[in-house]
Amino acid sequence: YLYNSLSGTNGSIVFANTGTGTLGSFDNSGNFVATGSVTATSDVRLKTNIVTISNALDLTLKLRGVSFDKDGKRNIGLIAQEVHGVIPEVVIEGMDVDKTLSVAYGNIVGVLIEAIKELNAKVEDLQNQLANK
């Protein structure tokens, strides 16, 4: 898309395309709101060395969900430094002077899906054991 309109008031920035309306906006707290879906390219044709994530449940159990205050607001999420020790592929180092870390939360979904499958296999195994008694 070509953004041919950029406007802002009170610290916010709005991206728009003439004739189609607002595409998204940043507010003065750094929040981004998209008027449509936010996606990441995931086409198999762009990937090599594809391997199913193993021990996903163990990885998931090592993550710590937290609530915290940031910029005067209550949030929930993860601590990037902790995530880096478990799943370094989803931690991104910023280009700022402090090299602030961020988490690509969407990229954790694959781990969570495989962890659910591992849990499901354990549940099915327990159900089979109970049924055979």
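Our structure is the block above this text.
Below is a summary of the structure that appears in this document.

For the chain, the count of helices and strands is three helices and eight strands. Of the regular secondary structure in the chain, the N- to C-terminal order runs β-β-β-β-α-β-β-α-β-β-α. For the chain, the residues scored as buried account for 16% of the 133 residues in total. Across the chain, contacts joining residues at least 24 apart in sequence account for 24% of those joining residues at least 6 apart. Of the accessible surface of the chain, which amounts to about 10600 Å², a share of 55% is contributed by carbon and sulfur atoms.

In this model, N49 sits at a positive phi of 55 degrees, which is unusual for a non-glycine residue. Note that N49 resides in the loop between β4 (32-34) and α1 (56-62). Classification of N49 as exposed rests on a relative accessible area of 72%.

Moving on, we get to the pairing of strand β5 (residues 66-70). Pairing of β5 with strand β6 (residues 73-77) involves five bridges; the strand directions are antiparallel. Of the residues in β6, the one forming a bridge with S67 is I76. Count of turn residues in the β5/β6 antiparallel hairpin: two residues, of which D71 carries a positive phi of about 55 degrees.

Judged by side-chain polarity, F26, F32 and V38 come together as a nonpolar surface patch covering roughly 300 Å² of accessible area. Its place among the elements puts F26 in strand β3 (residues 21-26). The class for F26 is partly exposed, based on a relative accessible area of 33%.

Next up on the list: the pattern of salt bridges. Counting across every chain of the model gives five salt bridges. Here D43 ties to R45 by a salt bridge, and the two come within 2.5 Å at their closest N and O atoms. For D43, a relative accessible area of 28% puts it in the partly exposed group. Between R74 and D69 there is a salt bridge; the shortest N-O distance is 2.9 Å. Of the residues examined, R74 reaches a relative accessible area of 54% and is grouped as exposed. Given a relative accessible area of 57%, D69 falls into the exposed group.

Calculation criteria
Residues numbered from 1 in each chain as written. Predicted model: local features only at pLDDT ≥ 70, side-chain atom pairs only at ≥ 80, totals over all residues. Heavy atoms only, no water. Helix = DSSP H or I, 4+ residues; strand = E, 2+ residues; numbered from the N terminus. Buried < 20%, exposed > 50% of the residue type's maximum accessible area, 1.4 Å probe, protein only. Contact = heavy atoms within 4.5 Å. Areas by Shrake-Rupley, 256 points an atom, 1.4 Å probe, with all protein chains shown as cover. Pairing = 2+ DSSP bridges. Patch = residues over 30% accessible without salt bridge, like charges linked within 9 Å, V, L, I, M, F, W, Y side chains within 5 Å. Salt bridge = Lys/Arg side-chain N within 4 Å of Asp/Glu carboxyl O.

Purely geometric numbers; function is a separate question.
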